[in-house]
Amino acid sequence: MTLGGSPAEMDAWIVSRPGPMATRPLERVRLPVPEPGPGEVLVEVEACAVCRTDLHLAEGDLPPRRPGTVPGHEVVGRVAGHGQGASRLPRGTRVGVAWLRSTCGRCRHCLRGAENLCPSSTYTGWDADGGYAGYLTAPEDYVHPLPQGPSAEKLAPLLCAGIIGYRALLRSDLPPDGRLGVYGFGASAHLTAQLAVAQGATVHVMTRSARARELALRLGAASAAEAAQAPPEPLDAAILFAPAGELVPVALEALDRGGTLAVAGIHLSDIPVLDYRRHLFQERTLRSVTANTRADARAYLELAAGHPPEVTTVAYPFEAADRALADLAADRVEGAAVLLR
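Since this is a predicted model, take the numbers as computed values, not measurements.

About the cut-offs
Residues numbered from 1 in each chain as written. Predicted model: local features only at pLDDT ≥ 70, side-chain atom pairs only at ≥ 80, totals over all residues. Heavy atoms only, no water. Phe/Tyr/Trp six-rings, centres within 6.5 Å; stacked < 30°, edge-to-face > 60°. Helix = DSSP H or I, 4+ residues; strand = E, 2+ residues; numbered from the N terminus. Buried < 20%, exposed > 50% of the residue type's maximum accessible area, 1.4 Å probe, protein only. Lys NZ or Arg CZ within 6 Å of the ring centre and 35° of its normal. Contact = heavy atoms within 4.5 Å. Axes fitted to C-alpha atoms, helices over the stretch in contact; angles between N-to-C directions. Parallel < 35°, antiparallel > 145°, perpendicular 65-115°, else oblique. Nonpolar A, V, L, I, M, F, W, Y, C, P; charged D, E, K, R; others polar. 1 Å grid on protein atoms, 1.4 Å probe; cavity = no way out; pocket = protein on both sides within 12 Å on 5 of 7 lines; lining within 4 Å. Points joined across faces, edges and corners; volume = space filled by probe spheres on them. Pairing = 2+ DSSP bridges. Right-handed = clockwise from strand over helix to strand, strands pointing away.

Peer 1: Whenever I open this one, the packing of aromatic side chains confuses me. Can you help?
Peer 2: Aromatic ring pairs: the centre-centre distance and the angle between the two ring planes describe each pair. Throughout the structure, instances matching the rule amount to 5 aromatic pairs. Note on Trp-99 and Tyr-123: the rings are 4.9 Å apart at their centroids and 25° apart in plane angle, and the pair reads as stacked. Here Trp-99 is found in the loop between strand S5 (94–97) and strand S6 (100–102), whereas its partner Tyr-123 is found in strand S7 (residues 122–123), with 24 residues between them in sequence. The same class applies to Trp-99 and to Tyr-123, which are both buried. Between Trp-99 and Trp-126 the ring centres are 5.8 Å apart and the planes differ by 10°, which places this aromatic pair in the stacked class. In this pair, Trp-99 is assigned in the loop between S5 and S6 and Trp-126 in the loop between S7 and strand S8 (135–139), connecting sequence segments 27 residues apart. Looking at Trp-99, the relative accessible area reads 8%, which means it is buried. Of the residues examined, Trp-126 reaches a relative accessible area of 10% and is grouped as buried. Aromatic rings pair up to connect Trp-99, Tyr-123 and Trp-126 into one cluster. The side chain of Arg-65 reaches across the aromatic face of Trp-126, ending 3.7 Å from its centre.

Peer 1: Can you walk me through the environment of Ser-87 in this structure?
Peer 2: For Ser-87, the location among the structural elements is in the loop between strand S4 (75–82) and S5. Each C-alpha atom, one on Ser-87 and one on Glu-40, is 9.2 Å from the other, the two residues being 47 residues apart in sequence. For Ser-87, the residues in contact, after removing those within four places along its chain, are His-82 and Glu-140.

Peer 1: Please clarify how the packing of helix H1 (residues 52–59) against helix H10 (residues 321–329) should be interpreted in this entry.
Peer 2: Relative placement of two packed helices is described by the angle separating their axes and the distance separating the axes. Two numbers describe how H1 lies on H10: the axes approach to 10 Å, and their chain directions differ by 100°. Judged on the interaxial angle alone, H10 and H1 are roughly perpendicular. Where H1 approaches H10, its residues Arg-52, Asp-54, Leu-55, Ala-58 and Glu-59 are matched on the opposing element by Leu-325, Leu-328 and Ala-329. Residues of the contact of H1 with H10, tallied by class, amount to 5 nonpolar, no polar and 3 charged.

Peer 1: What am I meant to see in the layout of surface pockets here?
Peer 2: In this structure, the second largest pocket encloses a volume near 340 Å³. If you trace the second largest pocket, you find 20 residues lining it, with Pro-147, Leu-155, Leu-158, Leu-301 and Ala-305 closest to the centre. The set of elements that each furnish at least two residues to the lining of the second largest pocket consists of strand S9 (143–145), helix H3 (152–155) and helix H9 (294–306). For the lining of the second largest pocket, the element with the most residues is H9, which contributes 6 residues. Across the lining of the second largest pocket, the residue classes break down as 13 nonpolar, 1 polar and 6 charged.

Peer 1: What is the right way to look at unusual backbone geometry in this model?
Peer 2: For residues besides glycine, phi is generally negative; the peptide bonds are generally trans as well. In this structure, Asp-173 is a non-glycine residue whose phi angle is positive, near 55°. With respect to the element layout, Asp-173 can be found in the loop between helix H4 (161–171) and strand S10 (179–183). Using a relative accessible area of 47% as the deciding quantity, one classes Asp-173 as partly exposed. Although it is not a glycine, Asp-331 sits at a positive phi angle of roughly 60°. Looking at the secondary structure, you find Asp-331 in the loop between H10 and strand S17 (336–340). Take Asp-331: its relative accessible area is 34%, and that puts it in the partly exposed class.

Peer 1: Explanation requested: the pairing of strand S16 (residues 313–317) in the structure shown.
Peer 2: Pairing of S16 with S17, which is carried by 5 bridges, proceeds in the parallel orientation. Residue Tyr-316 lies in a different strand from S17, and its bridge partner there is Leu-339. Between S16 and its parallel partner S17, the chain crosses via H10, and the hand of that crossover is right-handed.

Here it is in structure tokens:
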């Protein structure tokens, strides 16, 4: 193991008592700087974007897998040390640490290229401590080299919001020059909509936030309306980013024949009873999106490097992580919240 001049301790935020943000589930603590294990790198954090999954973990919608977990899985940082056997990324390399932390590499899902479905998969900021801290460790094979030029603030949301949005777009089976509906318009949706527009799609956004509707139109959406309103034309595909199960029948009903609705979130409130003829008949498809593969991450980051999206961010100092999550819970964030160190 090589650590160089890393300090012995660091500031971090942990989920101490999962519950509503008003109960202050996050606690700021001092922790030892972690030591990278075999095949792992130590990463010094520059920035960590704030994901709705972090909010689900803090509020208990996503059951914690270990006590006192440090959230955060949209991390931009630099390699600060190596565990035994890790040598591909030199010290100082700028890297991104994303949600998918490890897979077994041996099960039938991994062997067919669907490692996101691996039963033994682990996740940053859930199974292992994440980026709401000064440092974190990650398997070297699961971190992603990043370009030097862009700011950490603008890169961080790409590590989850961008990647999972890219996978959701693939799962929606949007045909060339198709009509895409986007339900909810936060961090992931505003990046995905830009990608779809760049690929020739007509994008219609449905979201409850007036400010988000203004942003959607500025980023190229053909229309923007309230979340439960019908789009101005039938949709070939739709993506539900909002964790609102009541929008599933709304989105399904907006689909044209043969259309697909992809649900992008890790958590969703209860779905109302569906009417087969109104919502599913005529070969409409409802499907989920589960994490991402490393291939997804590489493909999206390559696309973003060649055609950088406009990343709308709200910066927070590291000391205000609890306020950033509270603002996200209250829909006060336009685009992506990012913690900066």
